[in-house]
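The primary structure of each chain is shown beneath.
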Amino acid sequence: MIRVSKIFTCWLIASVILLCTTSGVFAANQNFIKQISDEYSSYEGKIFNEYRVFQQSSLKEYEDYQKDEFNSFDKFSNQTDSDLQYLDGLLKKDFESIQAQYDGNSSYSSKLRDYQNKINSNYLNSPMQKYANSINPNYLNSLMMKFKNVTNENYLNSPMMKYKNAVNENYLNSPMMHYKNAVNENYLNSPMARLKNGSNINYTLSIMNQYNRGKISQDAAGKQWKELLQKEGQAIQTVKSQSTQSIQQIAGDSKDAILNQKYETVNGILKQREQSLETIAKLRKEYFGEEIEFDSLIPDLGKINVLIDGEWQAFKQPPTVMNGATLVPMRVIFEKLGAEVKWHPENQTITASKGSTSMSLVLNNNKATINGKSITLPVAPRLIHGNTMVPLRFVSESLGAEVEWDGQNKTVFIFSK
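Here the residue index of a chain counts from 1 through its sequence in written order. Local features in this predicted model are restricted to residues whose pLDDT is 70 or higher, and side-chain atom pairs enter the listing and the counts only when it is 80 or higher, whereas totals over whole chains, interfaces and linings include all residues. Calculated side-chain values reflect all of the structure's heavy atoms, with hydrogen atoms and water omitted.

**Q** Please provide a residue-by-residue account of the pairing of strand S13 (residues 411-415), values included.
**A** When a strand is regular, its side chains alternate between the sheet's two faces. The element S13 is extensively covered by neighbouring structure, given that four of its five residues are classed as buried. Only strands joined by at least two bridges in the DSSP assignment are considered to pair. In DSSP terms, a helix is any run of H or I states spanning at least four residues, a strand is any run of E spanning at least two, and both are numbered starting from the N terminus. Sheet analysis places strand S1 (residues 305-308) next to S13, joined by four bridges and oriented parallel. When the bridges of S13 are listed, leucine 307 appears paired with phenylalanine 413. Across five bridges, the pairing between strand S12 (residues 402-406) and S13 is antiparallel. Opposite glutamate 402, over in S13, you have phenylalanine 415 as the bridge partner. A loop of four residues connects S12 with S13, the two strands running antiparallel in sequence, and lysine 410 in this loop sits at a positive phi of about 50°. Three labels apply to residues, based on accessible area from a 1.4 Å probe with only protein chains included: buried if under 20% of the type maximum, exposed if over 50%, partly exposed otherwise in between.

**Q** Tell me about the packing of helix H4 (residues 143-150) against helix H9 (residues 218-288), residues and numbers included.
**A** Fitted lines through C-alpha atoms serve as axes, helices being fitted only where they are in contact, and the angles separating the N-to-C directions of these axes extend from 0 to 180 degrees. The interhelical angle for the contact between H4 and H9, taken along N-to-C directions, is 160°, at an axis separation of 9 Å. By the criterion of interaxial angle, the relationship of H4 to H9 is roughly antiparallel. Along this stretch, H4 crosses H9, giving a crossing that reads as left-handed. Contacts from Leu143, Met144, Lys146, Phe147 and Val150 of H4 reach H9 at Ile258, Gln261, Lys262, Glu264, Thr265, Gly268 and Ile269. Residue composition of the contact of H4 with H9, by class: six nonpolar, three polar and three charged. Angular relationships are summarised with four words: roughly parallel below 35 degrees, roughly antiparallel beyond 145, roughly perpendicular across 65 to 115, and oblique for the angles in between. The handedness criterion is simple: a crossing whose near helix is rotated anticlockwise from the far helix by less than a right angle is left-handed, and one whose near helix is rotated clockwise is right-handed. Two residues qualify as a contact provided that any one of their heavy atoms is within 4.5 Å of a heavy atom in the partner residue. By the convention adopted, Pro, Cys, Tyr, Trp, Phe, Met, Ile, Leu, Val and Ala count as nonpolar, Lys, Arg, Asp and Glu as charged, and the other residues, Gly among them, as polar.

**Q** An account of H4 is needed here, citing residue identities and associated values.
**A** Buried residues dominate H4, accounting for six of its eight residues. Looking only at H4, the buried set comprises Leu143, Met144, Met145, Phe147, Asn149 and Val150.

Such coordinate-based values are descriptive only and should not be taken to indicate function.
Below, the structure is given as structure tokens:
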């Protein structure tokens, strides 16, 4: 009994020593586990905040653009509505004077009737109806409807809808959703979920779970955690880069499509208006001996307008005024005026030539040359949102064009020679 008691006492003492030793190691475990947990929490917070800043800035950029383009459509649509009212009123008043002059003259009765139909915007296929239809945003496939649809974020597969969906974090398989999922710790098998699981002592076979159960050493666990953090962090950055590129591509394609339609709509309507009024003026002269004159329609889309030989110009980067000078995108204006233009990135120089005229401009330098002669520009060429902008008047007049500024309508008229 004494021997058994001694053995039991020794076992009990050894157990207490072992328990104390184990308790010391366990405390160290908790410190290390907390360190890894804190590292994960800090990283997750940083990366999610980075995502949220990107998501919100992308959404705001879209919303600002969508609002700007809708206002542009709305402004031009209202302007053409007012123009139609002006024309209807003018033609009605003019017809009343003609009717008073020729009423009762039987030889003019058919002419009066025909002319009245031609100036009636509700008469089938009349010149005025063709113009009225072109500016009607609800008339199927009209120029104005096409403009309306491309700027409508709710119109199926419209450029604006595609842009909207791309930056929508809740739209299935959108670039923004891919990025959001990558940084979502609760999204199955996402990089962030893998990091969360790796740092979780309760996740089966995770790095910290194995460490907590004594399967791997602290050094091994620390090394594996750093490798996992680097690997999944790189995966998140790859998704971010891919999403950014996709959004930029979709946004660029959408803006190009909208700009092209805006160009087609504005100039198509101007052309239809000109044709309709020209037909009416000639018919009036043929029937009654005199033409009729109409005020011009200067497009108003809420920006500075540039018309070259009567054609409204569409620019990715809208014209802007600096120190009294209007700056426009370099390549568009040079090519519209028939000049060959080249950009030399090594010295940030723009060279252009047309016939016997050659010029050179340098970015952020107000000194330019024309046929070797030095000229001082009112404003130096500069980059605005990635677009090289040049002084419109200087470029146009140097290439032999005449330039007029209509301050009331914020419009630049250029007449090439």
